[in-house]
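Understanding the architecture of this molecule
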Amino acid sequence: MKKFFIVLLTILLFFLLVFFAGIFSFQKTLAAANPLSLLSITSVNAEEFSKEDLQKIDNLTVEEIHEYLDPTLIENGIPTDALDYVLKEGNYQNLINQYVDRYESYLSGKGSKPELPEKEINQIIEQGIQKYKEDTGENLNVIRIQEKVNTALNRVEEKIDQVSENSVVKAGMKILTNRNIPIICILAIIGIAVLLILLNSNIVKSFFCFFLATLSSGFVLSLFGIILKSSFFDEFIFLIKNRFEMFANTIFYSGLIMLGVSIFFLILFLIFKKKRK
């Protein structure tokens, strides 16, 4: 029975380590990538923001936007270089960040579902196309371009809605954004570690249990990080690409740290085992 509890606690320690690393990485990503709202950017001078504040704004590159919108533009006979003029106008990135930020709040139960800022987007498009006309002399149908861009953005919103309307996702977001969960995990990990030491006849066996738990969790986290960093999710994470990559990297490096800790416990186990002989 005693051995059964030791095995059970070791497995539980493994799951807690994985869960803690996952939820800590998620909350760290949200905090690090929390975008400045459009309101805050327009209400104060840019000089008042530090370099660190500005780095918190997600950077959706022009190439990434071209990758998504170019097929729609080409299909409708709209020059793709006109998009560059549009992207030079206004704070399109801030509009995206504001929308994503509100959507995160909505998923975690802290606000209502946001709507795409079509009015602001259409204004940016109109200004950009006007500049394009001045430089090239080509007169493009602004209303038609606005319709096509908004259609493409609505497709993105539909994909997000398919996920966010899932009750499991909403419940999961509430748990993932709860600041008390990581603290509870740490206390539980410490408690299980103490129980393993008390249940084992000597500390050497406890070190071996810690080694197994950290090795397993490190391997799982590293593998999960590699999977998240793959291109499989690219189609679904257009609006949150940089945040998603940050989360994947944090998970991956958490796994590497856990593997390093497992080596530490293995060394301790071998040293203490040798001394007992």
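This text follows the structure it describes.
Now for a quick tour of the structure. Just so you know, these numbers come straight off a predicted model, no measurement behind them.

**Quick notes on the overall build of the chain**
Scanning the chain from terminus to terminus reveals 12 helices and 0 strands. Of the regular secondary structure in the chain, the N- to C-terminal order runs α-α-α-α-α-α-α-α-α-α-α-α. Relative to its full complement of 277 residues, the chain shows a buried share of 43%. For the chain, the proportion of contacts with a sequence separation of at least 24, taken over those separated by at least 6, is 78%. When the accessible surface of the chain is totalled, it reaches about 16400 Å², and 63% of it is carbon and sulfur.

**What to know about a nonpolar patch on the surface**
Side chains of Ile197, Ile203, Ile263, Ile267, Ile271 and Phe272 sit close together on the surface and give an oily, nonpolar patch of about 480 Å² of accessible area. Among the elements that line the nonpolar patch, the one with the most residues is helix H12 (residues 241-276), at 4 residues.

**Overview of the packing of aromatic side chains**
Scanning the entire structure with this criterion turns up 10 aromatic pairs. Ring centres of Phe20 and Phe24 lie 5.8 Å apart, and the angle between their planes is 25°; on these two criteria the pair is classed as stacked. Of this pair, Phe20 and Phe24 both sit in helix H1 (residues 2-32), 4 residues apart, roughly one helical turn. Take Phe24: its relative accessible area is 40%, and that puts it in the partly exposed class. Ring geometry for Phe208 against Phe269: centres 5.0 Å apart, planes inclined by 45°, an arrangement best described as tilted. Note that Phe208 is positioned in helix H11 (residues 203-229) and Phe269 in helix H12, a separation of 61 residues in sequence. Looking at Phe208, the relative accessible area reads 33%, which means it is partly exposed. Chaining the aromatic ring pairs together yields one cluster made of Phe207, Phe210, Phe264 and Phe265.

**Things to note about the environment of Val142**
Note on placement: Val142 falls in helix H8 (residues 142-164). Val142 gets classed as partly exposed once you look at its relative accessible area, which sits at 22%.

How each quantity is defined
Residues numbered from 1 in each chain as written. Predicted model: local features only at pLDDT ≥ 70, side-chain atom pairs only at ≥ 80, totals over all residues. Heavy atoms only, no water. Helix = DSSP H or I, 4+ residues; strand = E, 2+ residues; numbered from the N terminus. Buried < 20%, exposed > 50% of the residue type's maximum accessible area, 1.4 Å probe, protein only. Contact = heavy atoms within 4.5 Å. Areas by Shrake-Rupley, 256 points an atom, 1.4 Å probe, with all protein chains shown as cover. Patch = residues over 30% accessible without salt bridge, like charges linked within 9 Å, V, L, I, M, F, W, Y side chains within 5 Å. Salt bridge = Lys/Arg side-chain N within 4 Å of Asp/Glu carboxyl O. Phe/Tyr/Trp six-rings, centres within 6.5 Å; stacked < 30°, edge-to-face > 60°.

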